[in-house]
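# Fold and contact review
In case you want the letters, here they are:
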Amino acid sequence: MVQTNGQFKQKSHQLWRDKSKKNQQRKPSKHIPWVDVEDDEPKTNLKRHGAMVNGDNPNRRKKPRHSYTNSSARESVQNDAPNQAGPSSPTSIQEQRKQLPIAQGREALVEEIRANDVTVLLGETGSGKTTQIPQYIFESGIAGTGVIAITQPRRVAATSLATRVALEQESPLGKLVGYSVRFDEKYNHDTRIKYMTDGMIVRELLADPNLSKYSVVIVDEAHERTLRTDLLLANLKKILKTRNGPVAPGAKGKNQSNPLKVVVMSATLDAEKFSAFFSGAKILYIQGRQHPVKIYHSAENQIDYVDSAMRTFFQIHIDRPLGDVLIFLPGQEDIESLQASIEHFAKRLPEGVPEVLTCAMYAAQDQRKNSQVFSAAPPNTRKCILATNIAETSITIPGVKYVIDTGKCKEKQFLARAAGGGLDTLLTRDITQSSAMQRCGRAGREGAGFCFRLYTDKSFKDMEVSAQPEIVRCSLASSILQLRCLDLHLEELDLMDAPDIDSIQSSLKTLWLLGAIDNTGKLTQAGREMAAFPLEPQYACAVVASKNYGCTSEVLDIVAVISASSKLYIDVAEQRESAAEVRRKFRHPTGDHMTTLNVVRAYREVTADKNVVSGPGTGNKEKSAKKEWCRKHFLNEQALSEANDIRKQLETVCERNNINHTLSTTSRTSQKDDDSKGYAEDEAILRSFGHGLAENSAFLQPDGSYKQTMGPSAVKIHPSSTMCEKKVPAIIYDELVYTNSIYARGVSYIPKGFFSSFAAFQQRKA
DNA sequence: GAGCACTGC
């Protein structure tokens with residue numbers, strides 16, 4: 001596994017390269033034998049209660065296709081997109097609506113939803129359920145005067161769906177049809193169909209625990225089982241009892257006047273579980289529009305999946321008609337290595353074989369490169385896309401006819417019991433059946449396709465049916481804190497899957513150390529303040545603590561970058577050294593947090609410089625100057641501009657909580673009278689973070705290694721950190737991730753005396 | 001000595 005680039009390049013010249021030592025004994029066959037399993041479809045466990053709503057073909061009901069995919073939301077939008085160019089005339093949009101597979105079941109669907117409080121809809125890809133169901137409900141009057149909410153796990157889905165549905169309703173976006181996602185909302189008092197992220201509706205729960213303004217809540221992509229979806233489902237079950245429950249004797253039926261309807265939409269196999277959770281709610285099945293995908297399994301499991309993927313690619317390339325190939329791999333490292341191998345061998349193909357164009361797609365790669373997967377291959381060229389799970393749900397790539405599925409992915413898992421404050425693992429593991437079906441569905445978007453699985457049919461059957469819900473694999477600190485604000489306890493909530501008691505206790509301990517709850521487990525005033533921030537409790541705590549050090553402005557800058565969704569630094573293996581060189585000027589001796597602040601300040605100066613020359617067209621100039629500056633420094637502009645949005649949002653939260661966010665170390669007047677307690681700038685900032693990250697701290701040992709202060713583990717500083725190789729008495733870190741070893745990432749020096757004063761601080765509180 | 005994917009009044 002430990003390969004430098006040099007070693008790697010050498011190895012890629014050998015056809016049978018050993019990716020890891022454990023593969024040494026294996027004698028790979030030159031040609032992978034494939035087993036055709038088209039007629040041996042996986043058992044889907046679909047015992048459907050109730051109607052198949054568009055059942056013109058009763059056989060389909062017994063034998064659904066493999067290729068459910070779960071992002072029908074985005075799919076239906078994207079599928080329809082090409083048609084939007086010509087038919088902006090209302091009739092053709094209405095024609096399109098009528099032609100969707102779901103349209104013929106419309107009346108049946110509406111009647112079922114009208115008759116039941118809770119309905120579970122199982123819809124295949126391209127059925128149009130996400131765009132049509134809300135409109136059917138609205139048009140049939142089921143929703144009364146209330147708002148129909150449709151939740152989505154991802155922001156882009158919510159906004160693009162709302163755009164499409166507004167078009168179908170022939171109403172400008174933000175009126176009848178609107179959306180609400182972080183940093184962006186378009187809706188008004190007349191909005192009746194509202195697409196929103198699941199995170200947003202969970203936030204709304206805090207202000208309105210009964211979600212009283214919604215008459216219908218549609219939980220889409222429920223099978224993804226995000227933490228927020230699970231919390232929402234639990235709350236919906238509770239709300240149903242209140243709003244739809246029997247009228248209490250003597251009380252006037254106020255609860256009947258505002259009943260709630262819940263529609264749970266899923267694209268995979270666990271419809272029964274949702275049904276059971278809502279006491280046997282009716283399951284309706286909607287047929288999709290998906291081309292057949294022929295599935296091949298390898299006769300043997302391919303242990304060296306990178307090598308097997310390469311051989312499979314060339315088998316396809318040489319034997320099969322043109323059509324792009326999508327290869328699913330677990331991570332960046334494998335993608336970079338496979339891309340190099342494929343490019344190497346593509347140069348040595350015999351005459352007459354088409355050219356190969358490779359492109360890679362993973363979250364850490366910069367957007368411009370990622371977007372290359374969308375451009376069509378030149379004539380007589382086959383495009384080969386190497387992607388992580390990002391291509392499984394989030395993004396749909398056109399032109400794919402062949403999928404190669406390694407059967408692996410990386411998954412983050414929170415181990416509450418390990419290493420003090422918990423430990424995130426990021427390890428390669430086998431995918432699930434529904435993930436495998438999702439991946440193969442990617443080959444059938446535009447026509448019949450082929451899916452090559454680098455594992456046996458038996459391995460497929462041995463896979464978990466669906467992924468573990470997020471709630472059992474994540475830190476719960478943030479959710480517990482939010483629930484405490486509603487006087488709710490996570491452990492008392494009726495959840496579909498309850499998290500481990502260890503996980504709850506570890507999160508409670510974290511919250512106690514942050515001062516968010518007291519010794520009796522009661523929410524503190526500080527805890528209430530922390531909960532107001534859309535931040536991990538650790539960073540909300542740092543912001544709250546910064547009041548006392550007079551550096552809220554700086555802490556907000558750093559926290560905003562840390563909590564942005566994309567990484568600040570662009571990391572390309574071949575350019576690591578030049579990137580480190582050009583970014584050296586940002587380095588701060590205390591480590592990564594202050595270094596981040598330096599980057600933010602420098603970025604802001606680029607903007608300020610360009611503002612000096614004002615006039616028409618300056619905006620674009622400024623934009624391109626920023627872009628160029630980021631490119632030059634291997635910085636991700638998306639991260640910086642998102643951080644800017646987050647900062648603005650955090651400022652408004654500060655204002656509501658009477659936290660002065662303008663308090664800055666640079667605007668201090670007198671040493672004695674300000675809030676900084678006389679600390680130097682960096683020390684004030686790091687002490688603020690120290691409060692949030694006390695659990696994430698380590699002391700230097702005599703042998704030069706670091707050991708956790710609140711846990712048993714030895715930790716290494718991640719090589720990407722500015723603190724790597726440095727020896728300071730104590731460090732704090734943003735996270736601890738176990739990959740090949742336990743690495744601390746986002747590391748800073750913390751003043752020696754901090755922890756003794758912190759301990760005293762804790763005792764005072766207790 | 002090296003990073004799966006999402007999200008937040």
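A brief structural summary. (Residues numbered from 1 in each chain as written. Chains lettered and ligands numbered in written order. Predicted model: local features only at pLDDT ≥ 70, side-chain atom pairs only at ≥ 80, totals over all residues. Heavy atoms only, no water.)

### Looking at the protein's contact with DNA strand B
This is how the line gets drawn: Residue proximity to a molecule or strand is established when one non-hydrogen atom of the residue lies within 4 Å of it. Any pair of N or O atoms that falls within 3.5 Å is considered a polar contact. Within protein, one atom must be able to donate a hydrogen and the other to accept it, and sequence-neighbouring residues count only if both atoms are side-chain atoms. Each helix is a run of H or I in the DSSP string that is no shorter than four residues. Each strand is a run of E no shorter than two, and both are numbered from the N terminus. Just so you know the grouping, Ala, Val, Leu, Ile, Met, Phe, Trp, Tyr, Cys and Pro go in nonpolar, Asp, Glu, Lys and Arg go in charged, and all remaining residues, Gly too, go in polar.
Around DNA strand B sit 39 residues, and of these Gln332, Ala363, Lys410, Thr739 and Arg745 come closest. Here DNA strand B approaches the protein such that, of its atoms within 4 Å, sugar and phosphate make up 53%. Arg155 places a polar main-chain atom, nitrogen or oxygen, 2.9 Å from a phosphate oxygen of DNA strand B. A distance of 3.4 Å separates a base nitrogen of DNA strand B from a polar backbone atom of Pro719. At the level of secondary structure, the elements contributing two or more residues to the surface near DNA strand B comprise α8 (198-207), β15 (408-415) and β22 (742-749). Looking at the surface near DNA strand B, the element that brings in the most residues is α8, giving five residues. Residue composition of the surface near DNA strand B, grouped by class: 14 nonpolar, 12 polar and 13 charged.

### Brief notes about the packing of helix α12 (residues 305-319) against helix α13 (residues 332-346)
Threshold: Think of each axis as a best-fit line through the C-alpha atoms, taken over the contacting stretch in the case of a helix, with angles from 0 to 180 degrees between the N-to-C directions. Should the near helix be turned anticlockwise from the far one by less than a right angle, the crossing is termed left-handed; should it be turned clockwise, right-handed. Should any heavy atoms of two residues lie within 4.5 Å, those residues are counted as being in contact.
Between α12 and α13, the shortest axis-to-axis distance is 10 Å and the interhelical angle comes to 35 degrees. The way α12 lies across α13 gives a crossing that is right-handed. Residue-level contacts link Tyr305, Val306, Ala309, Met310, Phe313 and Phe314 of α12 to Asp334, Ser337, Leu338, Ser341, Ile342, Phe345 and Ala346 of α13. A per-class count over the contact of α12 with α13 returns 10 nonpolar, two polar and one charged.

### Focus on the pairing of strand β21 (residues 730-738)
Selection rule: Per-residue accessibility, obtained with a 1.4 Å probe over protein chains only, is compared with the maximum for each type, and a residue is labelled buried under 20%, exposed over 50%, and partly exposed between these values. Strands pair, by our definition, only if DSSP identifies at least two bridges between them.
Here β21 lies mainly inside the structure; seven of its nine residues are buried. Summarising the sheet, strand β16 (residues 423-430) and β21 pair through two bridges and their orientation is parallel. Bridge pairing in β21 places Asp424 opposite Val737. Where strand β18 (residues 697-700) lies against β21, three bridges are found, and the strand directions are antiparallel. Along β21, the bridge assignment pairs Ser697 with Ile732. Relative to β22, β21 runs antiparallel, the two being bridged by seven bridges. Bridged to Tyr733 within β22 is Val747. Linking β21 back to β22 in an antiparallel pair, the connection comprises three residues.

### Describing the packing of aromatic side chains
The condition is simple: Pairing of aromatic rings covers Phe, Tyr and the six-membered ring of Trp, with a centre-to-centre limit of 6.5 Å; geometry is then stacked below 30 degrees between planes, edge-to-face above 60, and tilted otherwise. In this scheme, Lys NZ or Arg CZ marks a charge over a ring once it lies within 6 Å of the ring centre and within 35 degrees of the ring normal.
Applying the stated rule across the entire model yields 11 aromatic pairs. Seen from their ring centres, Tyr549 and Tyr679 are 5.9 Å apart, and the 40 degrees between their planes marks the pair as tilted. One end of the pair, Tyr549, is in the loop between α20 (537-546) and α21 (552-562); the other, Tyr679, is in the loop between α25 (637-656) and α26 (681-692), with 130 residues separating them in the sequence. Between Phe699 and Phe755, the ring centres sit 5.6 Å apart and the planes meet at 85 degrees, which makes this aromatic pair edge-to-face. One end of the pair, Phe699, is in strand β18; the other, Phe755, is in helix α27 (residues 754-765), and 56 residues separate them in sequence. Classification of Phe755 by relative accessible area gives buried; the value is 12%. The rings of Trp34, Tyr296 and Phe452 are connected pair by pair, giving a single aromatic cluster. A cation sits over an aromatic face here: Lys194 above Tyr187, 3.9 Å from the ring centre. Here the guanidinium or amino end of Arg320 rests over the ring plane of Phe450, the centre of that ring lying 5.0 Å away.

### Points about the sheet that holds strand β7 (residues 214-219)
Spatially, β5-β4-β6-β3-β7-β8-β2-β9 is the arrangement adopted by the eight strands of the open sheet, whose pairing is mixed. Two strands bound the open sheet, and with one partner strand each, they are β5 (184-186) and β9 (282-286). Strand after strand, the sheet turns through a mean of 20 degrees between neighbouring axes, direction not considered. With five bridges connecting them, strand β2 (residues 118-123) and strand β8 (residues 261-266) associate as parallel partners. Residue Val118 lies in a different strand from β8, and its bridge partner there is Val262. On the sheet, helix α9 (residues 227-244) packs against β2, β3 (147-152), β7 and β8 and is oriented at approximately 145 degrees with respect to β7.

### Considerations on the nonpolar core
Condition: Definition used in this section: a nonpolar core is a set of buried Ala, Val, Leu, Ile, Met, Phe, Trp, Tyr and Cys residues joined via side-chain atoms within 4.5 Å. An automatic or database domain assignment provides the domain bounds reported here.
One finds Phe533 and Phe689 to be the most contacted residues of the largest nonpolar core, which totals 68 residues. For this core, the leading source of residues is helix α23 (residues 592-612), giving seven residues. Two domains each put at least three residues into this core: domain 1 (58-244 + 256-286) and domain 3 (477-765). Setting aside residues no more than four positions away along its own chain, Phe533 makes contact with Arg203, Ala540, Val543, Val544, Leu650, Val653, Cys654 and Ile659.

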